[in-house]
Amino acid sequence: MTEIICITCPKGCHLQVDENNDYAVTGHSCPRGEAYGKNELKNPVRTLTSTVRLTGARIPRLPVKSSAPLPKGKIFEVMRLLDDVTAAAPVQCGQALLTDVCGTGVDIVATKSFEAAP
């Protein structure tokens with residue numbers, strides 16, 4: 001039995017997940033908590049937020065995020081890839097900077113638009 005705290009809403013339910021009983025979840029107050037408990041032990045995922053270098057704009061960094069949650073085990077690998085990414089202004093919010101990152105089917109996208117500096 002594994003105990004985790006659900007992070008899908010502000011309630012923070014204390015879940016108990018029984019791996020030996022088909023990942024049965026108790027302690028949840030909504031269906032999202034049950035799904036979170038099962039997924040957290042079977043295939044934990046996280047949305048990645050970070051920044052990359054930005055040239056040709058007034059600021060040096062561009063905020064980015066994953067277009068969908070990434071497998072938790074791939075986060076550090078993706079972060080290492082982001083160290084080598086440099087975007088050039090102009091950049092549009094939602095623009096993909098990396099596609100199918102680490103074979104996950106997830107893109108890394110800009111979360112803010114920047115015009116080229118005059």
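Residues numbered from 1 in each chain as written. Predicted model: local features only at pLDDT ≥ 70, side-chain atom pairs only at ≥ 80, totals over all residues. Heavy atoms only, no water.

Asker: An account of the sheet that holds strand β9 (residues 96-98) is needed here, citing residue identities and associated values.
Answerer: With mixed pairing, five strands are arranged side by side in an open sheet as β8-β5-β6-β10-β9. Across the chains shown, the open sheet's two edge strands, defined by having one partner strand only, are β8 (86-88) and β9. Direction aside, neighbouring strands of the sheet carry axes that sit 45° apart on average. Here β9 pairs with strand β10 (residues 108-110) via two bridges, running antiparallel. (Pairing = 2+ DSSP bridges. Helix = DSSP H or I, 4+ residues; strand = E, 2+ residues; numbered from the N terminus. Axes fitted to C-alpha atoms, helices over the stretch in contact; angles between N-to-C directions.)

Asker: Before we move on, could you go through the environment of leucine 81 and cite the residues and values that matter?
Answerer: With respect to the helices and strands, leucine 81 occurs in helix α2 (residues 75-82). Judged by relative accessible area, which is 39%, leucine 81 ranks as partly exposed. Counting along the chain gives 16 residues from leucine 81 to lysine 65, while the straight-line C-alpha distance between them is 13 Å. Setting aside residues up to four positions removed in sequence, leucine 81 forms contacts with Val101 and Cys102. (Buried < 20%, exposed > 50% of the residue type's maximum accessible area, 1.4 Å probe, protein only. Contact = heavy atoms within 4.5 Å.)

This is a description of form; function is not addressed.
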